[in-house]
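Results of the structural survey
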Amino acid sequence: MASQRKFVVGGNWKMNGDKASIDGIIAFLNAGPLDENAEVIVAPATPYLDYVRSKVNANVAVAAQNCYKVGKGAFTGEISPSMIKDVGATWVILGHSERRHVFGESDELIGEKVKFALSEGLNVIACIGEKLEEREAGKTNEVVFRQTKAIADNVSDWKRVVLAYEPVWAIGTGKTATPDQAQEVHDSLRKWVSENVSSEVAQNVRIQYGGSVNAANCKELGAKPDVDGFLVGGASLKPDFVTIVNARKA
Ligand code: 13P
């Protein structure tokens, strides 16, 4: 069943990089070789979307790290899906834990953004994940199901949505979820989607794992049946990203 879903690996560069260091990243992406059976997406900071799209090979898609819920207007500092498309990017990351917990984005706002981005034709990586205290209180499923519902209620086309499970306690901490911990949540999420959306969507939707993925742990994580790829932060700035993209390759 897992083999039906194309492995999908995203590099979320967050607020990192300048033209010089981005040239280095593009060099190792273009040199690859990247597994042809994997879909690869990189998400530079907004000022570099156009630059990256113009330099990276066509087999690598480009994503924005965020966008707003309306098309244009007096929203200083925001960007719209049409701007993202205009520079040749085709994806947007929404609901990242840093948007939720540093910038206070609510489930409701993230749902509205998902709805609008899809209606504008973008593909969406929609992120969910529990904080450490929520996991320790036994609330992981409660939290990720609530976050997933706020997304799912706004999805018009599941073929253009990838879910990214990123436990907050694993992001940027070097503390990766074990393959079994990741598999357990991914399996619960797929069951939730089956019960609340449809069994067909549950079978086909790809669920990435994110949180301290690196060249050393990617193979074991990627071997889990419900782990359909990764959303990579720190390691996506390094040549290790190529190893991570190729995690499923024999
Ligand atoms: P790290 O890989 O740096 O832990 O970041 C994960 C992440 O937040 C990707 O979106």
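Above this text you will find the structure in question.
The structure reproduced in this document is the subject of the present report. (Residues numbered from 1 in each chain as written. Predicted model: local features only at pLDDT ≥ 70, side-chain atom pairs only at ≥ 80, totals over all residues. Heavy atoms only, no water.)

Glancing now at the overall build of the protein. Within the protein, the regular secondary structure consists of eleven helices and eight strands. For a compact globule of 250 residues, the expected C-alpha radius of gyration is about 18 Å, and the protein comes in at 17 Å, within 12% of that figure. Per-residue burial over the protein gives 52% buried out of 250 residues. Restricting the contact set of the protein to residue pairs at least 6 apart, pairs at least 24 apart contribute 72%. Counting every atom, the protein has about 11100 Å² of accessible surface; 50% of that belongs to carbon and sulfur. The average position of the 29 basic charges and that of the 31 acidic charges among the side chains of the protein differ by 2 Å. (Helix = DSSP H or I, 4+ residues; strand = E, 2+ residues; numbered from the N terminus. Rg over C-alpha atoms; globule rule 2.2 N^0.38 Å. Buried < 20%, exposed > 50% of the residue type's maximum accessible area, 1.4 Å probe, protein only. Contact = heavy atoms within 4.5 Å. Areas by Shrake-Rupley, 256 points an atom, 1.4 Å probe, with all protein chains shown as cover. Lys, Arg positive; Asp, Glu negative; His and termini not counted. Charge placed at Lys NZ, Arg CZ, Asp CG, Glu CD.)

Considering all chains together, one arrives at four aromatic pairs under this definition. Look at tyrosine 165 and tyrosine 209: their rings are 6.4 Å apart centre to centre, the planes differ by 55°, and that puts the pair in the tilted class. With tyrosine 165 in strand S6 (residues 161-165) and tyrosine 209 in strand S7 (residues 206-210), this pair connects stretches of sequence that are 44 residues apart. Tyrosine 209 carries the same exposure label as tyrosine 165, and that label is buried. We note arginine 99 situated over the ring of phenylalanine 103; from NZ or CZ to the ring centre the distance is 4.1 Å. (Phe/Tyr/Trp six-rings, centres within 6.5 Å; stacked < 30°, edge-to-face > 60°. Lys NZ or Arg CZ within 6 Å of the ring centre and 35° of its normal.)

Our next topic: the sheet that holds strand S1 (residues 7-12). One closed barrel accounts for eight strands, arranged S1-S2-S3-S4-S5-S6-S7-S8; its pairing is parallel. On average, adjacent strands in this sheet sit at an angle of 25° to one another, irrespective of strand direction. The sheet contact formed by strand S4 (residues 91-94) and strand S5 (residues 123-128) spans four bridges and is parallel. When the sheet's bridge partners are listed, leucine 94 is paired in S5 with alanine 126. Here helix H5 (residues 107-119) sits on the sheet and contacts S4, S5 and S6; the angle it forms with S4, its principal contact strand, is near 175°. (Pairing = 2+ DSSP bridges. Axes fitted to C-alpha atoms, helices over the stretch in contact; angles between N-to-C directions.)

The full set close to the ligand counts 13 residues, and Lys14, His96, Glu166, Gly172 and Ser212 are the nearest of them. Serine 212 has a polar backbone atom sitting 2.8 Å from an oxygen atom of the ligand. Between glycine 233 and the ligand, the recorded distance is 2.9 Å, taken from a backbone N or O atom to an oxygen atom. For the ligand, whose unbound accessible area comes to 310 Å², protein coverage reaches 94%. Taken together, the residues of the shell around the ligand break down into four nonpolar, seven polar and two charged. (Near = heavy atom within 4 Å. Polar contact = N/O pair within 3.5 Å; in protein donor to acceptor, adjacent residues only side chain to side chain. Nonpolar A, V, L, I, M, F, W, Y, C, P; charged D, E, K, R; others polar.)

Within the fold, lysine 14 resides in the loop between S1 and helix H1 (19-31). Reaching out from lysine 14, the side chain makes a polar contact with the side chain of glutamate 98 at a distance of 2.8 Å. If near-sequence neighbours (up to four positions away) are discounted, lysine 14 is found in contact with Ala43, Ala45, Gln65, His96, Glu98, Ile171 and Gly233.

This part is about the nonpolar core. One recurring pattern in soluble globular proteins: nonpolar side chains tend to sit buried together. Val92, Tyr209, Phe230 and Phe241 are the most contacted members of the largest nonpolar core, which has 66 residues in total. In terms of nonpolar packing, the next biggest core, distinct from the first, is built from twelve residues, Ala61, Ile125, Val162 and Ala164 among them. (Core = buried A, V, L, I, M, F, W, Y, C linked by side-chain atoms within 4.5 Å.)

The next subject is H1. In a regular helix each residue adds 1.5 Å, so 13 residues correspond to 18 Å; H1 covers 18 Å between its end C-alpha atoms and thus fits that length. Residues Ile22, Ile25, Ile26, Phe28 and Leu29 constitute the buried set of H1. Relative to the axis of H1, the buried residues are bounded by an arc of 165° and lie together on one face. Exposed side chains of H1 directed beyond 90 degrees from the buried face belong to Ala20 and Ala31. Each element contacted by the buried residues of H1 is listed here: strand S2 (38-43), helix H2 (49-55) and helix H11 (240-245). Looking at the residues trailing H1, positive phi occurs at glycine 32, about 50°. (Expected span 1.5 Å × (residues − 1). Arc of directions from axis to C-beta.)

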